[in-house]
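# Report on the structure
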Protein chains: 2
Amino acid sequence: MSPQAQPTPVELYDTTLRDGAQAEGLSLSVEDKLKVARQLDRLGVHYIEGGWPGSNPRDREFFAAVPGLGLKQAQVVAFGSTHHANTSAENDANLAELLSAQTQTVTIVGKSWLRHVTTQLGIPPQRNLEMIRDSVAFLKARERQVYFDAEHFFDGMKEDPEYALTCLAAAAEGGARGLVLCDTNGGSLPWQVAERVAVVKERHPGLVIGIHCHNDGELAVANSLAGVEAGVRQVQGTLCGFGERCGNANLCSIIPTLQFKMGFHCLDEERMKLLTETARLVYELANLPPQRFAPYVGQSAFSHKGGLHISAVEKDPALYEHLPPELVGNQRRYLVSDLAGKAAILQRARQFGLELSPEDPEVQAILQELKAREGEGYQYEGAEASFELLMNRAMGHRHRYFDLVGFRVMDFKAAEGELPLAEATVRVRVGGMEEHTAATGHGPVNALDRALRKALSRFFPRLAEVRLVDYKVRVLAGADGTASQVRVLIESSDGVSRWGTVGVSFDVLEASWQALGDSIRYKLFKDKQL
Amino acid sequence: MSPQAQPTPVELYDTTLRDGAQAEGLSLSVEDKLKVARQLDRLGVHYIEGGWPGSNPRDREFFAAVPGLGLKQAQVVAFGSTHHANTSAENDANLAELLSAQTQTVTIVGKSWLRHVTTQLGIPPQRNLEMIRDSVAFLKARERQVYFDAEHFFDGMKEDPEYALTCLAAAAEGGARGLVLCDTNGGSLPWQVAERVAVVKERHPGLVIGIHCHNDGELAVANSLAGVEAGVRQVQGTLCGFGERCGNANLCSIIPTLQFKMGFHCLDEERMKLLTETARLVYELANLPPQRFAPYVGQSAFSHKGGLHISAVEKDPALYEHLPPELVGNQRRYLVSDLAGKAAILQRARQFGLELSPEDPEVQAILQELKAREGEGYQYEGAEASFELLMNRAMGHRHRYFDLVGFRVMDFKAAEGELPLAEATVRVRVGGMEEHTAATGHGPVNALDRALRKALSRFFPRLAEVRLVDYKVRVLAGADGTASQVRVLIESSDGVSRWGTVGVSFDVLEASWQALGDSIRYKLFKDKQL
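As a further point, take the overall build of chain A. Looking only at helices and strands, one finds 18 helices and 16 strands in chain A. When the 530 residues of chain A are sorted by exposure, 61% land in the buried category. Contacts spanning at least 24 positions in sequence make up 66% of the contacts within chain A whose residues lie at least 6 apart. Accessible area for chain A stands at about 19,400 Å²; split by element, carbon and sulfur atoms hold 50% of it. Mean positive and mean negative side-chain charge positions of chain A (57 and 67 charges, respectively) differ by 4 Å.

Moving on, we come to the interface of chain A and chain B. At the junction of the two partners, chain A supplies 114 residues and chain B supplies 112 residues. With both chains or domains summed, chain A and chain B bury close to 9,400 Å², and 53% of this area falls on carbon and sulfur atoms. Applying the counting criterion to the chain A and chain B interface returns 8 salt bridges. The closest approach of N and O atoms between glutamate 510 of chain B and lysine 413 of chain A, which form a salt bridge, is 3.0 Å. Joining chain A to chain B, the criterion identifies 38 residue pairs in polar contact (both at pLDDT 80 or more). Ranked by residue count, the leading element in the side of chain A that touches chain B is strand E11 (residues 403-413) of chain A, at 11 residues.

As a further point, take the relation of the copies chain A and chain B. Mapping chain A onto chain B is achieved by rotating through 180° and translating by 0.1 Å along the same axis, at an RMSD of 0.3 Å. This pairing of chains is accounted for by a two-fold axis. Relative to the rotation axis, the C-alpha of methionine 410 of chain A is the closest in chain A, positioned 2.1 Å from it. A shared interface surface links the copies, since 98% of the contact residues of chain A are contact residues in chain B too.

What follows deals with the packing of helix H9 (residues 220-229) of chain A against helix H10 (residues 251-261) of chain A. Residues and elements named next belong to chain A. Where H9 contacts H10, the axes come no closer than 10 Å and their chain directions differ by 35°. When you trace H9 past H10, the crossing you get is right-handed. Packed against H9, whose contacting residues are Val221, Ser224, Leu225 and Val228, the element H10 presents Ser253, Ile254, Thr257 and Leu258 at the interface. For the contact of H9 with H10, the per-class residue count stands at 5 nonpolar, 3 polar and no charged.

All right, on to the domain arrangement of chain A then. Under the domain assignment, chain A is made up of domain 1 (11-267), domain 2 (303-391) and domain 3 (402-459). For domain 1 of chain A and domain 2 of chain A, the distance between their C-alpha centres works out to 43 Å.

It is worth spelling out the nonpolar core at this point. Among the nonpolar cores identified, the biggest contains 189 residues, and Phe153 and Leu258 of chain A together with Phe153 and Leu258 of chain B are the most heavily contacted of them. Among the nonpolar cores identified, the runner-up in size contains 80 residues, and Tyr522 and Leu524 of chain A together with Val426 and Leu463 of chain B belong to it.

What follows is about the sheet that holds strand E15 (residues 486-493) of chain B. All names here are of chain B. Spatially, E14-E15-E16 is the arrangement adopted by the 3 strands of the open sheet, whose pairing is antiparallel. Across the chains shown, the open sheet's two edge strands, defined by having one partner strand only, are strand E14 (467-475) and strand E16 (498-505). Here the strands of the sheet are splayed against their neighbours by 15° on average, with no regard to which way each runs. Of the pairings in the sheet, the one linking E15 to E16 comprises 8 bridges and is antiparallel in character. Bridged to leucine 489 within E16 is valine 502.

Our next topic: the packing of aromatic side chains. If you walk through the whole model with that rule in mind, you get 30 aromatic pairs over all chains. With a centroid separation of 5.6 Å and 50° between ring planes, the pair formed by tyrosine 380 of chain A and phenylalanine 387 of chain A is classed as tilted. Note on phenylalanine 387 of chain A: relative accessible area 0%, which makes it buried. Residues tyrosine 47 of chain B and tyrosine 147 of chain B carry aromatic rings whose centres are separated by 5.4 Å and whose planes lie at 80° to one another, so their mutual orientation is edge-to-face.

For the rest of this paragraph, the subject is the state of the cysteines. Inspection of every chain in the model, using the stated rule, returns 0 disulfides over all chains. Looking at the unpaired cysteine 167 of chain A, the closest cysteine sulfur is the one in cysteine 182 of chain A, lying at 12 Å.

Attention now goes to the side chain of serine 224 of chain B. With respect to the secondary-structure elements, serine 224 of chain B resides in helix H9 (residues 220-229). Contacts of serine 224 of chain B, omitting those with residues within four sequence positions, involve Ile211, Cys213, Val235, Ala249 and Ile254 of chain B.

Taken as a whole, this structure holds 62 salt bridges over all chains when the rule is applied. For aspartate 316 of chain A, the salt bridge is made with arginine 115 of chain B, and the minimal N-O distance between the two is 2.9 Å. Taken together, the positions of aspartate 316 of chain A in the loop between helix H13 (307-315) and strand E10 (333-334) and arginine 115 of chain B in helix H4 (residues 114-121) put the pair across two chains. Taking relative accessible area as the criterion, arginine 115 of chain B reaches 25% and is therefore assigned partly exposed. With a closest N to O distance of 3.4 Å, arginine 133 of chain B and aspartate 134 of chain B form a salt bridge. By sharing partners, the salt bridges in this structure join Arg462, Glu465, Asp494, Lys523, Lys526 and Asp527 of chain A into a single network.

What counts and what doesn't
Residues numbered from 1 in each chain as written. Chains lettered and ligands numbered in written order. Predicted model: local features only at pLDDT ≥ 70, side-chain atom pairs only at ≥ 80, totals over all residues. Heavy atoms only, no water. Helix = DSSP H or I, 4+ residues; strand = E, 2+ residues; numbered from the N terminus. Buried < 20%, exposed > 50% of the residue type's maximum accessible area, 1.4 Å probe, protein only. Contact = heavy atoms within 4.5 Å. Areas by Shrake-Rupley, 256 points an atom, 1.4 Å probe, with all protein chains shown as cover. Lys, Arg positive; Asp, Glu negative; His and termini not counted. Charge placed at Lys NZ, Arg CZ, Asp CG, Glu CD. Buried area = accessible area lost by both parts, 1.4 Å probe. Salt bridge = Lys/Arg side-chain N within 4 Å of Asp/Glu carboxyl O. Polar contact = N/O pair within 3.5 Å; in protein donor to acceptor, adjacent residues only side chain to side chain. Least-squares fit on C-alpha atoms with pLDDT ≥ 70 in both. Axes fitted to C-alpha atoms, helices over the stretch in contact; angles between N-to-C directions. Left-handed = near helix turned anticlockwise from the far one by under 90°. Nonpolar A, V, L, I, M, F, W, Y, C, P; charged D, E, K, R; others polar. Domains from an automatic or database assignment. Core = buried A, V, L, I, M, F, W, Y, C linked by side-chain atoms within 4.5 Å. Pairing = 2+ DSSP bridges. Phe/Tyr/Trp six-rings, centres within 6.5 Å; stacked < 30°, edge-to-face > 60°. Disulfide = S-S within 2.5 Å.

What follows is the structure in structure tokens.
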């Protein structure tokens, strides 16, 4: 499809907070969910499915807080199912909960695969049709805009197409604004989706046709796009593709493809630039490591490693990039590695405001130092502050501020059931003075951290601003069990900026000691620069 | 496409060891690469691209070791590029290296996008055609079967289709057996791929047409499948989709879809069952956490969480599974979580050989214990041994064997530049006897580990068989920095089986202490069961 003069709009319907929250290992508090909703509104999606008030008390809490959010762009949607088989819409507790969420738009899911009706619900096919029609009509009569999610629609179409289509007709009869075709098991192929969407489109020319795909065949994005090509005008998906089993359709990939490659309109151009930070926010709130390789928004998505690729990209980025990373708020990275060589060093130096040319001997010195460090297991992805300190060191700019002399850590658990008690003593030298002090802590790393800050803040009071926001430990070589090398990554913040530092040792406390030292040194270095 | 009586074969060409190795953070030793090759051969792929002997000394080492592997099914392929512009095929060092790899089949990559020829190489378009033709002919004359990778073919077709097609014609003229169409920047859409493949297929009916996709639009799998639909008969990809930027086409998703959903033949049915273990092997060798949400082979791919889904799957797995997990060697899992409830517990119990019925009071006891533990941050995915011990405990089967009384760990770094010295003392009780002993180690966790084994192996000599094969630390709540809760996961092996155990504390040593205790206890429990 070629870009059009006036691009056709596609509605974005985000279900990160409802279907996405089913992902294994993803757990969001009500406060987290509100943060995600605020960010989705900034991004400019049209609908935010907030949860299932009828099934989950936390979701009810969320909906109660929504009016206070002051959203400007997005509508928050409450989700529920058709009424229970042994009652009526009027007497169904779930539908009542759905109304009490007080949203303008509601989405209800119902069966459209005959096998589900007979096997899982165990009711006559006709009863399911009544449940769909009556539930939609009930909500519609109460001034709600209603979308109908046809669960397992594509599987239904494979086994009994007439029944699947009759379910949609029942929803249309009830007054639904849109029919959402779900590939619930995630096993459909793009051409099957396209063909079945076309059938629905023909039968319901006046309704919004939506699509809701799962990724069990690694085709959720392709299936969603094939749906849009065939006439779908609402795409349901989640940020980063979070969702149960293999996840939902990934809106972070679908949105830019629809807009930049297929000529549809999803978001204003300025808002599109929020895509990368939006994706990363979810990982941060969920306390999960971001998916490095994610298309468009991943840290590696525009990273270049081989020297040949880097030199080509320096000439013309399109030679190895399908799209300018700025469009989605991401950035080009040259990987700091002996493979990448000088171009990567120069690019980093520019980022740090250091002007270097390829001939400068410092570049060679940095490369050598870097190679030696990488050989020991250091890694500067995520520890850019340590890398900046390394570059400055290799260039002969000494900003030591202090020396870490030594430590002694003691961790003692007296008896079963008792909590262990950790104590650290540290010796540091600042100028000519040595400071020797001690602290206890929640575990040995925390004790070490507290003792170190205590020792140094006498000399550098601004260290009081620094907070550790993340602490990560990675075991490097699996084969040696507890004797392996460990890498500690620390992320610090002083309320203004965030920075990452790294330490490596076979000893987790020594590695933490290094990373803590770098964190503090970087704070001092940064403040002096200002 | 419907299944056929005699399925059309598709050649599988794995490039995990060459293009996959470009993935950020993936690092494989020569020994690792040989292990992957052996496993790919067991799996039954047709070609294993082993590396680029001309660009990398480690790859030369790999090829030297290949004949010793005794592969039964797969051919190992050496990879290189067309000869350099300022020399001839006869005098090109890279092509000479390619020959010295001594493989029956070689693949060479060349430019097919005019913009690359003029911008990156800076040579006349005609010269590139000669380089392609002469390089292929040179190798062919030396009895090699040659595949030509047409770099950026799809982008080339967009900008200057005639030139792109002429590049393919040059390779055909040189005597290539196959033409591999590369979506190097990974930005193509499935219908574009299909259309362009059809053009090539028509021009070269006698050659094998291959496809090599990248995942920058999250469409590498869909593009590969669209290619096969349009006539491609060789699919290049990597295990788990490893590769630079967003990765290569994921063979673990492509293979089962081609075979089970599109009616092509890729692997014998028995070999298909090795797919999951093959995928996990790569993560293990690379010491990376496996991608939980990966289609077909991921740990979550057939995991069910909500109670409604679990009860439906118990009636008929097809209700929420697009394919039986056994076909690809994966398995169904009910997530151990208060959401999942009794059905999950019963399924686990069956796995452990415990017969429970939903009415048994033990099931309630296990659920309660589990809920309490999960609330504290325990997680039993990857720590099934700890979970089995928990179930047995909750059922009143006491297998304590020993009590961990207490420990004292000391870690001391005397001066800058010195290595820290760690020492642990432990107190354990076995029967009525208390053992109090000490050990030093590489870091505090290792010291604790050694002291604990020393104390217990007096009583349980078979503990000498146990080795820790992995040690992982995860910080639970990022917000408290070094005072956060940490979860330690330990994987142990006694040469016969492997098991995982878990510990949680704000103190990394205490958490390790718990996980080590469970590891040893499980070994004793397991041996008694036999």
